[in-house]
Amino acid sequence: MSVQAYGAAGVPEIDSAPTQEVVWHHRHLLDVDALTWPEIELIMRTTDEMKGILARPIRKVPALNGRRVTTLFYEASTRTRVSFETAARNLSADVVSISTATSSVTKGESLVDTIRTLEALGAEILVMRHSVSGAPYLAAEVFGGHVLNGGDGWHAHPTQALLDLYTMRQHLPGGDLRGRKVAIVGDILHSRVARSNIWSLTAAGADLWLCGPATLLRGMDRWATAWGDGAIPGHGRFHVTSDVEVAVRDADVVMALRIQRERMQGGLLPSLREYAARFGLNAERVSLAKPEAIVMHPGPMNEGVEIAPDVAVSGRAVITEQVANGVAVRMALLYLLAGAHETGRPHDAHSGEAIR
Ligand code: MLT
């Protein structure tokens with residue numbers, strides 16, 4: 001059964017019927033661009049199962065009992081690393097957490113040597129964050145197990161994009177993003193979150209608007225123009241604007257992105273105060289969106305810069321839901337990548353049975 005057909009408007013027609021013959025075959029998850037829409041739907045359904053586990057009094061199942069998950073973070077992280085480690089423990093995996101600040105990396109060990117060492121020590125699933133775009137792709141070439149990208153440079157943050165998609169689907173009628181206006185406002189240039197979201201949200205058929213100062217949108221206009229011309233069959237369009245009111249007006253979803261000062265060379269912004277005044281998501285700007293619109297932020301937030309403190313805690317904000325959904329999405333991905341269904345354990349997406 002096919003679950004995806006392309007309509008006249010070039011937007012995927014998503015069949016909500018069960019897609020039982022979708023078989024997970026990916027050894028690694030490096031970005032969402034490697035996923036078909038049926039595979040994304042499989043992740044969403046597996047996440048539903050994981051949410052069910054997280055609603056139980058005891059949030060732990062033996063699905064990955066004895067499997068070894070190692071987190072290797074070369075960049076700072078709170079929510080992504082803790083979320084992956086919580087997800088792995090909820091599935092009963094053994095978790096090893098490497099902070100590069102206290103590892104042999106400080107003695108000059110190369111990435112390749114570090115990965116070979118971790119494999120020799122028994123790592124089976126490697127969750128990795130690195131400041132260099134493409135580093136997880138190199139890791140996937142040398143590591144014998146599974147690599148999950150926890151964010152590489154400006155390039156990709158696939159689990160953030162998937163948890164964003166999951167959260168949007170929870171709030172939109174029928175979980176359907178087709179034709180829904182999603183505005184992402186902020187430092188698009190340096191954002192791996194934006195780059196991954198472009199893939200998954202246009203695959204979902206959303207009408208995506210990227211907004212920020214021209215200096216923080218560089219290159220995106222060419223991408224948007226090419227895509228608007230149908231370069232990727234079946235994907236929704238995306239647009240680029242520096243007019244925040246145009247981006248936010250009548251939006252179903254408004255997402256603020258952090259101003260990434262650590263990646264910014266001089267001259268891209270006159271000042272944070274001016275950015276906040278011209279682009280910050282404040283109550284007045286958010287009121288231009290649909291009354292039922294949700295407000296998102298991948299975190300960490302610079303309150304008072306890209307998002308006003310009152311907007312961040314308003315009834316429209318789903319920022320803590322994003323964090324909570326991150327655990328369920330990462331449980332789903334660890335479960336699928338580890339190929340737990342191949343070990344004979346029940347796997348709901350394939351057999352209809354519950355994950356234990
Ligand atoms: C990231 O790691 O890219 C975060 O989730 C977003 C940010 O740092 O602003």
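Calculation notes
- Residues numbered from 1 in each chain as written.
- Predicted model: local features only at pLDDT ≥ 70, side-chain atom pairs only at ≥ 80, totals over all residues.
- Buried ≥ 20, exposed ≤ 12 C-beta atoms within 10 Å, placed from the backbone.
- Helix = DSSP H or I, 4+ residues; strand = E, 2+ residues; numbered from the N terminus.
- Pairing = 2+ DSSP bridges.
- Right-handed = clockwise from strand over helix to strand, strands pointing away.
- Core = buried A, V, L, I, M, F, W, Y, C linked by C-beta atoms within 7 Å.
- Domains from an automatic or database assignment.
- Near = placed C-beta within 6 Å.
- Nonpolar A, V, L, I, M, F, W, Y, C, P; charged D, E, K, R; others polar.
- Arc of directions from axis to C-beta.
- Contact = placed C-beta atoms within 7 Å.
- pLDDT = per-residue confidence, 0-100.

**Q** Would you mind going over the pairing of strand β7 (residues 181-185) with me for this structure?
**A** Within a regular strand, side chains alternate between the sheet's two faces. Of all five residues making up β7, five are buried, and the element is well covered by its neighbours. Across the two faces of β7 the burial is the same, with Lys181, Ala183 and Val185 and Val182 and Ile184 all buried. The pairing of β7 with strand β8 (residues 207-211) spans five bridges and is parallel. When the bridges of β8 are listed, Val182 appears paired with Leu208. In this fold, β7 hands off to helix α6 (residues 192-203), which returns the chain to β8; that crossover is right-handed.

**Q** For this particular structure, what's the right way to read the nonpolar core?
**A** Side chains of nonpolar character tend, in soluble globular proteins, to be buried together. Within the largest apolar cluster, 104 residues are counted, with the highest numbers of intra-cluster contacts made by Leu126, Ala183, Val185, Val254 and Leu334. Composition of this core by domain shows at least three residues from each of domain 1 (22-156 + 323-351) and domain 2 (159-320).

**Q** Just checking my understanding: could you explain the site of the ligand for this structure?
**A** Within the structure, the ligand sits among Gly151, His157, Gln160, Arg192, Val193, Arg258, Gln260 and Pro298. Split into classes, the residues belonging to the shell around the ligand amount to two nonpolar, four polar and two charged.

**Q** Hey, could you run me through helix α4 (residues 135-142) in this one?
**A** A turn of α-helix holds 3.6 residues, and therefore any two residues three or four places apart point the same way. By the burial criterion, the buried members of α4 are Ala135, Pro136, Ala139 and Ala140. For α4, the angular spread of the buried residues around the axis is 140°, confining them to a single face. The inward-facing, buried residues of α4 abut α3 (111-120), β5 (125-130) and β6 (146-152).

**Q** I'm lost on the confidence of the model for the protein chain in this one. Help?
**A** One rule of thumb: low pLDDT means the predicted coordinates there are not for detailed reading. Residues of the protein chain with pLDDT of at least 70 account for 87%, and the chain-wide mean is 88. A low-confidence stretch, residues 1-19 (pLDDT under 50), is modelled with 30 contacts involving residues beyond four sequence positions or located in other chains. Throughout residues 340-352 the model reports pLDDT below 50, and contacts reaching past four residues in sequence, or to other chains, amount to 23 contacts.

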